[in-house]
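If you want the building blocks of each chain, they are given just below.
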Amino acid sequence: MDLVNTKTTIIKDNPSASFVGSWSTGTSAPGHYGSNYRFHLTGTANEPAIWSAILPDSGNWTVYVWYSQGSNRSTSAPYTISTASGNVTKHVNQQANGGKWVSQGTYNMNAWLNTISLSPVAPAGYVVIADAVKWAK
């Protein structure tokens, strides 16, 4: 019997995300995914970036995020991942490991609509970068 790789990958770049509040568009930082990225000053404003995807089936999906790194980035950018058992928040140091897919773990997810959001609610004085996300199974 031949084995077939049935891996499914869903990538959502920032143009397909929805943004609440004061997000700006940037192109100057190296290592961004696609033609641009969005950024927001950190602080207390709960104005998330939200990526949505229709997952074709339930099961274990690995979630990745992509951002351009820089010294002005948050060291605790909060990504919230919807899973079959509820939301999980991962805090990402965007001053390191940018310009590539960074795994946020593998989670059991339901088929159909799933979201990953990024909030600028983090220690003030930095920015969070909303660039791209990926689900892989």
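Since we're looking at a predicted model, the values are computed, not measured.

Calculation rules
- Residues numbered from 1 in each chain as written.
- Predicted model: local features only at pLDDT ≥ 70, side-chain atom pairs only at ≥ 80, totals over all residues.
- Heavy atoms only, no water.
- Pairing = 2+ DSSP bridges.
- Helix = DSSP H or I, 4+ residues; strand = E, 2+ residues; numbered from the N terminus.
- Axes fitted to C-alpha atoms, helices over the stretch in contact; angles between N-to-C directions.
- Core = buried A, V, L, I, M, F, W, Y, C linked by side-chain atoms within 4.5 Å.
- Buried < 20%, exposed > 50% of the residue type's maximum accessible area, 1.4 Å probe, protein only.

(A) A look at the sheet that holds strand 4 (residues 37-41). In spatial order, the strands read 3-4-11; together these 3 strands make up an open sheet with antiparallel pairing. Unpaired on one side and paired on the other, strand 3 (24-26) and strand 11 (127-130) mark the two borders of the sheet. Strand-to-strand, the axes of this sheet are offset by a mean angle of 35°, without reference to chain direction. Sheet topology note: the strand 3/strand 4 ladder contains 3 bridges and is antiparallel. From the neighbouring strand, S24 faces strand 4, where its bridge partner is F39.

(B) Spatial organisation of the nonpolar core. By size, the foremost hydrophobic cluster in this structure holds 28 residues, and its most contacted members are W51, Y79, M109, I116, L118 and W135. Elements that contribute at least two residues to this core include exactly strand 5 (49-55), strand 6 (59-66), strand 7 (77-83), strand 9 (102-109), strand 10 (112-118), strand 11 and strand 12 (132-136).

(C) Examining the sheet that holds strand 12 more closely. The strand order across the open sheet formed by 4 strands is 1-12-6-9, and the pairing between neighbours is antiparallel. Whereas interior strands pair on both sides, the edge strands pair on one side only; in this sheet they are strand 1 (9-13) and strand 9. Sheet twist, expressed as the average angle between the axes of neighbouring strands with direction ignored, equals 20°.

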